[in-house]
Amino acid sequence: MSERPSPEELEIARAGLLEITDAKTVGDAFARVDEVDGVVSVLFHCTLDGYPGWHWTVSLAAVDGEAPTVLEAELQPGQGALLAPDWVPWTDRLAEYQASQEGSGERDEPDDDDDDDDERDEDFDDEDDADSDDDDDDLGDAGDDVYDGVDVDELAPGAEDDDEQDGADEDADAGRDEHLGADGDADGSEDDQQDQRG
């Protein structure tokens, strides 16, 4: 780190930074770092919640005889910054866990408690079977329209009226059939009389 950034570098760096973050997350510039030839980084304090010790870094291209331009802007951790732990692949974590289990002797081994669990499961299954048998007995021979011993059709509004109407319809159908039968007999006798005359 060297001297503070020039006013021109500071202005351009802040303008570039405000393109990616809100102004309230950017604190004061506190350093200027000479990177490789022609590149300068300007560092700003980060005031973003949850990022203590972090800082904004804006890299500028500083070519002789040209105005500086922004190359990139990013949030970077400083010394003592709060960081997430290094990522470890799941297979490695699993291997470490299994090794720790074997070392402590806490590996899952079959024991007598498992037998007790099996017996409890069997008892539970027996109770389920008994409950289902009771449910079947409740229905008896009542048919599909009965649920828990209640005839659903009887509860429907106007069910009694429907039953009466069905009975009346059946009586009407029977009367019509009788009438048609009588008409058929009459038609048949007329045909017989015509045959005899002819």
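Residues numbered from 1 in each chain as written. Predicted model: local features only at pLDDT ≥ 70, side-chain atom pairs only at ≥ 80, totals over all residues. Heavy atoms only, no water.

Participant: Would you explain the overall build of the chain in this entry?
Facilitator: The helix and strand inventory of the chain stands at 5 helices and 6 strands. Start at the N end of the chain and walk to the C end: the helices and strands fall as α-β-β-β-β-α-α-β-β-α-α. Here the chain holds 198 residues, and 17% of them are scored as buried. In the chain, the proportion of contacts linking residues at least 24 apart, taken out of those at least 6 apart, comes to 35%. Carbon together with sulfur atoms contributes 45% to the accessible area of the chain, which is approximately 15,400 Å² in total. (Helix = DSSP H or I, 4+ residues; strand = E, 2+ residues; numbered from the N terminus. Buried < 20%, exposed > 50% of the residue type's maximum accessible area, 1.4 Å probe, protein only. Contact = heavy atoms within 4.5 Å. Areas by Shrake-Rupley, 256 points an atom, 1.4 Å probe, with all protein chains shown as cover.)

Participant: What exactly am I supposed to notice about the pairing of strand β2 (residues 39-46) here?
Facilitator: Note on strand geometry: in a regular strand, side chains alternate between the two faces of the sheet. In terms of burial, β2 is largely enclosed, as 7 of its 8 residues are buried. As defined by bridge partners, strand β1 (residues 26-34) adjoins β2 across 6 bridges and the pair is classed as antiparallel. The residue bridging Val 26 from the neighbouring strand is Cys 46, located in β2. Hairpin geometry of β1 and β2 is characterised by an intervening segment of 4 residues between the two adjacent antiparallel strands and by a positive phi of about 85° at Gly 38. Strand direction decides the pairing type here: β2 and strand β3 (residues 54-61), joined by 7 bridges, are antiparallel. Note on β3: the bridge partner recorded for Phe 44 is Trp 56. (Pairing = 2+ DSSP bridges.)

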